[in-house]
Structures are given as structure tokens and as C-alpha cells.
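If you want the building blocks of each chain, they are given just below.
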Amino acid sequence: MSGIRRFALFLLFCVGAAGLGYLLWAVQSGTLLSLLTSDSQGAGAPVRAEGPPARSASAGASGMKPLRLAVFYPGPIDPARVRDPAYVRHFAEIVRHFDLVAVHGFRGPGRGPFLPLLEAVSTGERSYQSLVFVPPRGPEVRQFPIVFYDPETLLVDKTRAGPIEDPNRLFRWTPIVISCAAKKPDLSEAFTFTAVIARVDPLRIPNELALLADLMRVVLYQHAPEDDVLLLAHLEATEDAVAEAFPEYLAAVTGVPNSAAGTRLASNILFHPMATCEFTGRSGVLSVDEILQGADRRVLEPLHFLPVWAEFLPIETPFDRFTTAIFDISVF
């Protein structure tokens, strides 16, 4: 009988913790406010914070500017485009909207042909560093992502950054995993997270979505006790397909297309709403006008998709530290 009583108390504790977590997330992300004001906005009307350009973001509750993370697939970027100074200049301006951005679509034998672009991004008002996980030399032409980040706002553990092991080539483009932390405040209080960078093959969407869902679970356990695992991906799938493939995750952007033609949403940032309480509720798609800033659109053509971004507080919330402790106990 005492065993049944203990089990019942355990269930009550779990339900209470889940309810508290949802309440904290709803308050912090703005969902609760949206529900309370839904009558004035019309029944069933979606609420989406479409913020201004990145660096005009207001300070969060901690008094510090939130971190703005993004994923961007403009289309294939080959060495010929990098020889255009106007393209390089505008590309660098796009990167400077974010604290970290995963850019998909680089196409070449390695990083060598793209050094002028990497140098342009690393100089200026905000000096960025880049992570490129391809051999420096080689005759094979391949597509790969490059991750740009601002070392003044983010710490990246390069010893825990790199492509996953995929000897059977289950993914057409091998996903990358990196461990990050906000540079301010102190590391003991800073928001830490693991980012999974991925791009889905449009010819194998169902299979690769299922593989990515499995990968997210593997990364969660391999990077324990870190419980903030974010997926920054160009998914190619519909919003319904993404929701079905990742039922426990929240998509930062909904209902806003990021294709340059304005027809569909194909990129997104996914996270677990119970674990990642640092999401501010602010997210969106960088518009063509914000990207070009008055320049001729032909500078970036062909432009297939626009950057998708989301903001996160640089300091971990108390509930996030609580969930980390619980996860730590359950794993070890």
C-alpha cells in the first residue's frame, strides 16, 4: 500500500512540475498574454511577434540584450558569387543581424574559395568567427554549411563542435552539433545550449525528418546534463509535417513564409518549450528590404529563402536550472 502511495505522490509531483513549467514558459514567451487578449484579436487569430531588425532588439528581463539565433539558406553559394564585392558586402551585413547564424548552401571543394567572404564577415563593427567543417583541400565539389557567431556575445566550445558520425550516409548533408554559452553573465548563470545544424534533402523529406527527430534525442542524452537542444534547420517541409515529426518541440516561427517568393515556410528553429524557458517569444523572418537596405535586389539573386530568427535570454531561468538538475539525476 505504501508503494502505491509513493507512486501516486510521484505522479502528482510530475504533473505539478509540468504545470509549473508550462506556466513559466507561457508567461515568459508571451503565450499567456496572447490567450488573455485573444478575444480582442479575434477567435483563433495567430499571434506572432514580428520584430524589427536584429540589433534594435530591446533588453530582456535580465537587463541584457537577448541572443538572436538564425538559420539561412539563400540558395547555392559558389566561389563565383564570392568574387563579387557587392555580394560579399551585403552577405556580411546579413550575418551582422545575428549573434549566431547557420548558413546553408556553400558549394565548393573546401573553404579556400570562400576566404574573401569569411574575412569580410570577420572585420567591421562586429567581428565574427566562423566554423567550417570540410577538408581544407580536395577535388570533390560538395555543399556544406558555415556557422558564423559573434565571440563578444557567445562562447563556442570548439572541442565539442563538428559533424555527426554518419558512416552509412543516412543524411545527404551531414548535420553539425555545436555547444554554446552566452558570454555574459558569468558562466554559472549563462544560458548554455547545444545547437544542431541541419538541412533536409527535398527528395527525402519524410525519412530525413524522422532521422533528425532521432538525432535530437541522441544529442540530448549525449550532451547531458545540458537540456537545451535547439535545431537550426532548413527543413523543406510544411509546418504540419514538422509538427508531426517533432511533436515534443516548439517551432519558433509559424504562419510567416520565408521563401523569397513569399509562398512557404521552409526553415525554422525548434526547441523543447519545457526545457528552453529562455525563449523570449520574439521571432520572425528577415525581410528582403531589411537584407538589401536600398540596394539593387539583383545583388543577391538568385535568393531562394530568407533568414529565420529567434531570440533567447542570455541568462538561464531558475526553472531551467531546476529541469537540468532533474535531468541530471535521472540520467546519472
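Cut-off values and rules
- Residues numbered from 1 in each chain as written.
- Predicted model: local features only at pLDDT ≥ 70, side-chain atom pairs only at ≥ 80, totals over all residues.
- Heavy atoms only, no water.
- Helix = DSSP H or I, 4+ residues; strand = E, 2+ residues; numbered from the N terminus.
- Expected span 1.5 Å × (residues − 1).
- Buried < 20%, exposed > 50% of the residue type's maximum accessible area, 1.4 Å probe, protein only.
- Arc of directions from axis to C-beta.
- Phe/Tyr/Trp six-rings, centres within 6.5 Å; stacked < 30°, edge-to-face > 60°.
- Salt bridge = Lys/Arg side-chain N within 4 Å of Asp/Glu carboxyl O.
- pLDDT = per-residue confidence, 0-100.
- Contact = heavy atoms within 4.5 Å.
- Polar contact = N/O pair within 3.5 Å; in protein donor to acceptor, adjacent residues only side chain to side chain.
- Pairing = 2+ DSSP bridges.

A. Inspection of helix H7 (residues 205-222) at higher detail. Across its 18 residues, H7 extends 25 Å between first and last C-alpha, which sits within 8% of the 26 Å expected from 1.5 Å per residue. Of all the positions in H7, only Ile-205, Glu-208, Leu-209, Leu-212, Ala-213, Leu-215, Met-216 and Val-219 are classed as buried. One side of H7 holds all its buried residues, which, seen down the axis, span an arc of 160°. Along H7, the residues that are exposed and aim more than 90 degrees away from the buried face are Pro-206, Asn-207, Tyr-221 and Gln-222.

B. Main features of the packing of aromatic side chains. Summed over the entire model, instances satisfying the criterion amount to 13 aromatic pairs. Summarising the aromatic geometry, the rings of Phe-191 and Phe-312 are spaced 6.0 Å apart at their centres and angled 20° between planes, so their arrangement reads as stacked. Here Phe-312 lies in strand S13 (residues 308-312) and Phe-191 lies in the loop between strand S7 (176-182) and strand S8 (192-199), a separation of 121 residues in the sequence. Phe-191 sits in the buried class, given a relative accessible area of 0%. A residue is classified by how much of its surface remains accessible, and Phe-312, at 0% relative accessible area, is buried.

C. Layout of the pattern of salt bridges. Scanning the model with the defined rule gives ten salt bridges in all. The residue Arg-96 makes a salt bridge to Glu-93 at a minimum N-O spacing of 3.2 Å. Residue classification places Glu-93 among the partly exposed positions, given a relative accessible area of 31%. Linking Asp-201 and Arg-172 is a salt bridge whose minimum nitrogen-to-oxygen distance equals 3.5 Å. Taken as a pair, Asp-201 in the loop between S8 and H7 and Arg-172 in the loop between strand S6 (154-163) and S7 lie far apart in primary sequence, 29 residues in all. For Asp-201, a relative accessible area of 5% corresponds to the buried category. You can call Arg-172 partly exposed: its relative accessible area is 43%. Taken together, the salt bridges that share partners define one network made up of Arg-68, Arg-282 and Glu-311.

D. Looking closely at the confidence of the model for the protein. For the protein, per-residue confidence averages 80 on the pLDDT scale, and 73% of positions sit at 70 or higher. Every residue in residues 24-61 scores below 50 in pLDDT, and together they form 67 contacts with partners more than four places removed in sequence or on other chains.

E. The side chain of Glu-316, seen in detail. Looking at the element boundaries, Glu-316 is found in the loop between S13 and helix H10 (318-331). Here the side chain of Glu-316 touches Thr-192 through a polar contact of 3.2 Å, side chain to side chain.

F. View of the environment of Pro-257. Residue position: Pro-257 is located in the loop between strand S10 (250-251) and strand S11 (267-271). When the C-alpha atoms of Pro-257 and Phe-305 are compared, they prove to be 9.1 Å apart, with 48 residues separating the residues in sequence. Apart from residues lying up to four places away in sequence, Pro-257 is in contact with Gly-262, Thr-263, Arg-264, Leu-265 and Val-285.

G. Inspection of the sheet that holds strand S9 (residues 229-234) at higher detail. Spatial strand order, S6-S7-S8-S9-S11-S10: six strands in an open sheet with mixed pairing. Each edge of the open sheet carries a strand with a single partner, namely S6 and S10. Pairing of S10 with S11 involves two bridges; the strand directions are antiparallel. Looking across to S11, one finds that Ala-251 is bridged to Leu-270.

H. Expanded view of unusual backbone geometry. Cis geometry is adopted by the peptide bond preceding Pro-302, which originates at Glu-301 and carries an omega value of -5°. Among the structural elements, Pro-302 can be located in the loop between helix H9 (288-292) and S13. One non-glycine residue, Arg-169, lies in positive phi territory at about 55°. Of the residues examined, Arg-169 reaches a relative accessible area of 54% and is grouped as exposed. Here the phi dihedral of Glu-236 falls at roughly 65°; this positive angle occurs in a residue that is not glycine. The topology assignment puts Glu-236 in the loop between S9 and helix H8 (239-245).

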